Structure formats: C-alpha cells, structure tokens
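Report on the structure
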Amino acid sequence: MPNHMWMREDHNAFAATVKRFFDEEITPNKDAWTEAGVIPKSLWKKAGTLGILGATFPEAHGGLGLSRHFDAVTFLEQTKAGDSGWGVSVHNIAAHYITAFGTEEQKARWLPDLASGDKIAAIAMTEPGTGSDLQAVKTTALRDGNEYLINGAKTFITNGATADLIVLVAKTDPTAKGRGVSLIVVETEGLEGFAVGRRLKKMGMKRNDTAELSFTDVRVPLTNLIGTEEGQGFVQLMQQLPWERLILGYMALGASQCALEHTLTYVKERKAFGQRVMDFQNTRFKLAECATKIELLAAFCDQCLAELDAGQLTAEKAAMAKWWGTQTQCEIVDECLQLHGGYGYMSEYPISELYTDARVQKIYGGTNEIMKEVIARSLDLD
Ligand SMILES: Cc1cc2nc3c(=O)[nH]c(=O)nc-3n(C[C@H](O)[C@H](O)[C@H](O)COP(=O)(O)OP(=O)(O)OC[C@H]3O[C@@H](n4cnc5c(N)ncnc54)[C@H](O)[C@@H]3O)c2cc1C
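Residues numbered from 1 in each chain as written. Predicted model: local features only at pLDDT ≥ 70, side-chain atom pairs only at ≥ 80, totals over all residues. Heavy atoms only, no water.

**Regarding the overall build of the chain**
Quick note on the threshold: Secondary structure follows DSSP: runs of H or I at least 4 residues long count as helices, runs of E at least 2 residues long count as strands, and numbering of each begins at the N terminus. Only the C-alpha atoms count toward the radius of gyration. The rule for a globule is 2.2 Å times the residue count to the power 0.38. A simple rule labels every residue: compare its accessible area, found with a 1.4 Å probe on the protein chains alone, to the largest value its type can have, and call it buried under 20%, exposed over 50%, or partly exposed in between. Should any heavy atoms of two residues lie within 4.5 Å, those residues are considered in contact. Residue exposure ignores everything except the shown protein chains as possible cover, and the areas themselves are Shrake-Rupley values with a 1.4 Å probe.
A tally of regular secondary structure across the chain gives eleven helices and nine strands. Since a compact globule built from 382 residues should have a radius of gyration of about 21 Å, the 21 Å found for the chain is in line with a globular shape. With the C-alpha coordinates of the chain rotated into their principal frame, the extents come out at 80 × 55 × 40 Å. Every one of the 382 residues in the chain was classed for burial, and the buried ones make up 52%. Relative to all contacts within the chain whose residues are 6 or more apart in sequence, the contacts with residues 24 or more apart total 74%. Accessible area for the chain stands at about 17,200 Å²; split by element, carbon and sulfur atoms hold 52% of it.

**Regarding the UniProt feature "domain: Acyl-CoA dehydrogenase/oxidase C-terminal" (unreviewed entry) in the chain**
The condition is simple: UniProt positions are given in the numbering used here, feature names are shortened, and annotations may be inferred rather than shown by experiment.
The residues that UniProt annotates with the feature "domain: Acyl-CoA dehydrogenase/oxidase C-terminal" (unreviewed entry) are residues 231–379. Secondary structure content for residues 231–379 is 74% helix and 3% strand, and the end C-alpha separation is 29 Å.

**So, the site of the ligand**
Let me state the cut-off plainly: By convention in these notes, a residue is near a molecule or strand provided one of its non-hydrogen atoms lies within 4 Å of it. Here a polar contact is recorded for every N or O atom pair within 3.5 Å, except that within protein the pair must consist of a potential hydrogen donor and a potential acceptor, and residues adjacent in sequence are included only if both atoms are side-chain atoms. The pocket and cavity definitions rest on a 1 Å grid over protein atoms only: a 1.4 Å probe that fits but cannot leave marks a cavity, an open set with protein on both sides within 12 Å along at least five of seven lines marks a pocket, and residues lining either have an atom within 4 Å of a point. Any molecule with more than half of its atoms within 2 Å of a cavity's or pocket's grid points is regarded as sitting in that cavity or pocket. Charged means Asp, Glu, Lys or Arg here, nonpolar means Ala, Val, Leu, Ile, Met, Phe, Trp, Tyr, Cys or Pro, and polar covers whatever is left, Gly included.
In the vicinity of the ligand lie 17 residues, with Met125, Thr126, Ser132, Thr367 and Glu369 positioned nearest. Here Thr126 contributes a side-chain N or O atom positioned 2.7 Å from a nitrogen atom of the ligand. The separation between a nitrogen atom of the ligand and a polar main-chain atom of Phe156 is 2.8 Å. Here the ligand occupies the largest pocket. The set of elements that each furnish at least two residues to the shell around the ligand consists of β1 (121–124), β3 (147–158) and α11 (368–377). Top element by residues in the shell around the ligand is β3. It accounts for three residues. Tallied by class, residues from the shell around the ligand come to nine nonpolar, six polar and two charged.

**Quick look at the domain arrangement of the chain**
To keep things clear, this is the line we draw: Domain delimitation follows an automatic or database domain assignment. Two parts lose some accessible area (1.4 Å probe) when they are put together, and adding that loss for both gives the buried area. In the sections that follow, a salt bridge refers to a side-chain nitrogen of Lys or Arg positioned within 4 Å of a carboxyl oxygen of Asp or Glu.
Once the domains are mapped, the chain shows domain 1 (9–119), domain 2 (122–229) and domain 3 (234–377). Inter-centroid distance (C-alpha atoms) of domain 2 to domain 3 is 30 Å. At the boundary of domain 2 with domain 3, total buried surface from both sides reaches about 1,100 Å², with 65% on carbon and sulfur atoms. Across the domain 2-domain 3 interface, the total number found is one salt bridge. For Arg207, the salt bridge is made with Glu353, and the minimal N-O distance between the two is 2.9 Å. Where domain 2 meets domain 3, there are two residue pairs in polar contact (both at pLDDT 80 or more). A class-by-class count of the residues in the side of domain 2 that touches domain 3 yields nine nonpolar, four polar and one charged.

**Quick word on α11**
Applied cut-off: By arc we mean the arc of the directions from the helix axis to the C-beta atoms, nothing more.
Of all the positions in α11, only Asn368, Met371, Val374 and Ile375 are classed as buried. Viewed end-on, α11 has its buried residues packed into an arc of 110°, placing them on one side of the element. Residues of α11 that are exposed and angled more than 90 degrees away from the buried face: Glu369 and Arg377. Along its buried surface, α11 packs onto α7 (233–269) and α9 (315–339).

**Things to note about the state of the cysteines**
So the rule is basically this: Note on terminology: pairs of cysteine sulfur atoms within 2.5 Å are recorded as disulfides.
Enumeration according to the criterion identifies zero disulfides in this entry. Note on Cys258: no disulfide assigned, nearest cysteine sulfur contributed by Cys336 at a separation of 9.7 Å. Cys290 takes part in no disulfide bond, and the closest cysteine sulfur, belonging to Cys336, lies 4.3 Å away.

**Quick look at the layout of surface pockets**
The gaps of empty space that remain are located by a probe, the size of a water molecule, rolled over the atoms. Note the threshold: Grid points are joined across faces, edges and corners, and a volume is the space filled by probe spheres set on the points.
Considered as a void within the structure, the largest pocket measures approximately 1,500 Å³ in volume. Looking at the largest pocket, it is lined by 47 residues, and the ones nearest its centre are Thr126, Ile363, Tyr364, Gly365 and Gly366. Residue assignment for the lining of the largest pocket shows that the elements contributing at least two residues are α5 (88–101), β3, α7 and α11. Among the residues making up the lining of the largest pocket, the classes are represented as 23 nonpolar, 16 polar and eight charged. In this structure, the second largest pocket encloses a volume near 610 Å³. Forming the walls of the second largest pocket are 28 residues, and the residues nearest its centre are Ser347, Tyr349, Pro350, Ser352 and Glu353.

Spelled out as structure tokens, the structure:
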C-alpha cells in the first residue's frame, strides 16, 4: 500500500487517532446509521474533541493550526475505513471559505463552533435547474437595509438537513453572471423562511444526509457576506476548488485501498475448482493491476498536495486528480466486486457498499466531463 513520503511522526500519530475514531465510533454503527439515513450530531462533537474537525483551522479560532496534510490524513483514514457517508469533507470545505476569505470577526464568530462540532456546516451551490453551470444560479440575496433578502432553492446538499451553518452561493447582482455571485453564511436555527425539503434517497452513500433546501424571504445580516466585497463568490469558489478536487482524489485513493484489502481477504478464503480464487492467474493479475493503479493515484495526489503547499497547484492538475482518481476508483471497485462473485452483490459484503458509494464520485465536485473541459482549456488546442 502507498507510502506517503510527506508523512512524518506527527502525521502518523494523527492518522492513528483518526483511524481509532473510525474503528470505534463509525464502523460499529454503520448499519444503524445507514438505516436512519443520517449520522447523529453526537459523532460530530466526538470528532471535534479529537481535533479532527478543526485540525487546519487557525489556533486563535478553536483549531490546531495544522497544514492541509492533516485533513488529507482524515479523508484517507475515513475512506480506508470504508466510510464515505459522514459529510466531514463537506463540513471542512464549507469552513475553509471562512478561514480563507472571512474577516477576523467572521472567523471568531463561526470557526470555534465548527471546530468543536457544536455546529455542522454545508455548502449550497447546486439548484434544481443548474449544477455544472454555477454562474447560472438563480438564488438571489438582495440588499434590504442592513439585511440580505434571500429567495431560491438548492438541491443535493450534503449535510443539508442537519447543517447549522450553510455557505450559500447566491446572486447579489442577478443581472451579472460570474461577477454577480457572492457567498453568504446562513445560520439555520429558528430562521424564518428557511425550510428543509426532501431528504433525498440515493443508490449509495445512504448514511449521508443529502437534502433539498428552500429560502423564502429569508433575512440575514449584511455582515454574513463572506469577506467584505460583494460579487467575489465565483473567484472565491475557483480559488478553493483545486483543494476540494484533490480531496476527492484522496478519498478515491482511500476507498480503492479499502476495496483491495477486502478483496485480498475474500479471494484467499473462497474456493472454486478445488483451489483458492486467489490462485487463478486472472485474480492475481487483476489484483496486481489494482495495486499498481493505487500506487499511481497516491503518487499523483501527493505531487498535487506538494504543489498546493507551494501555492502552485493549477486548476487543471487538480481536475486530473479528481477525474482520473474517481474513474480509477470506479474501475478498481468494479474489478474487486467481480472477484467476489455473487457475494459481492450482497449488501452484507463491504465491497457492495464501496461499489454503490463510488459512483457519485464521478459526478459531484464538478462532473468528470467538466474536469476534462478544465484540462482541455489549459492545452494549446489551436
Ligand atoms: C450525493 C450528492 C451530494 C452532493 N452534494 C452537494 C453539496 O453538498 N453541495 C452542492 O452544491 N452540490 C452537491 N451535489 C451536486 C453536484 O455537485 C452536482 O450534481 C454536479 O455538479 C452536477 O450537476 P447536475 O447534477 O446539475 O448535472 P448537470 O450539470 O445537469 O449535468 C448533466 C450531464 O451533462 C454534462 N455536462 C454539463 N455541462 C457540460 C459541459 N459543459 N460539457 C460536457 N458535459 C457537460 C455533465 O457532465 C453530466 O454528465 C451533490 C450531488 C450528489 C449526487
């Protein structure tokens, strides 16, 4: 399994803490929470206590002030443990709009509760009528005295039904395209005009709370605009997207490792034609291919992480990590499920959940087709 050269003693210690958290707190509860379609708020508090939520937030605002590598550790450990249902990555992504672009007052106001797990965050971009084309969002946030008046609808929102704080993508100038977009924090508790619609039923990621949201004459203070200038939302999104896409690359990596490990165990136990499934040359070659792809994905993600650290990660390289990583994950889980035979299709075998959870990775965070557009635009095609 991959050797991440950047992992030092402190990363390994943090990884051990996070692994224990997943083994003790999530793995034994997976079935019950899958049935419930949601993960309880108490889990967030436990994660907060261990520093998992605020690892990379500033120390002055409840975090540990660590580098992004520590978040990469969390997402790797989560997926290596076979979970993608807990919306911790989305919580982290939403919070990083505040750490990156928020004023000191906003950081002090919101980050401590997000680090402790007292509050859960979501980011709401997608609307019923628009997903890939973010500039076309219809939700509006129009100035009215000291407040924004918000109207619109969002869909497919991870942590949507449980979120206390939503980073909302809305048009503060509906006449402009990208330049009219702003990011506004909506605190949901007791908020008039805000409603959670359907909790969406999905083919995979069943523990994950994915919901529709509606905003009807919702009022929030002007001071909830992230940053100080309206119309910066699109630029802010573009700046954060490389990291968000790299997160999906790391999650693809962890899930692929998990699939390979389960499959190695299975093929050693299962017999056909008087021998272990492991002993067929086809099985050994398929596993060798999966292991190779995992190493390549790890090397590429680590290269992107080093470039991110140096402020050099381009949108196109992050897009490569996202599309190739998630495509590779889907290929790996498919091969691994095939090696389980019919048992792989049964819910009681972890590979079945890994298979259904994987599919959405090619869709959210920007579809893989959009990733290829981003890459193609960076090439000299004229
Ligand atoms: C489980 C889940 C969780 C999600 N969580 C969140 C969340 O927390 N917050 C949030 O805001 N959103 C979330 N999403 C939404 C997700 O980001 C969108 O589904 C995604 O961006 C695609 O948008 P769409 O579904 O509207 O598809 P569309 O944009 O309608 O695309 C449909 C098809 O057309 C293709 N297409 C579109 N434009 C182009 C183009 N220019 N060139 C080539 N092909 C194109 C797409 O690749 C796709 O194949 C989530 C989605 C799911 C399924």
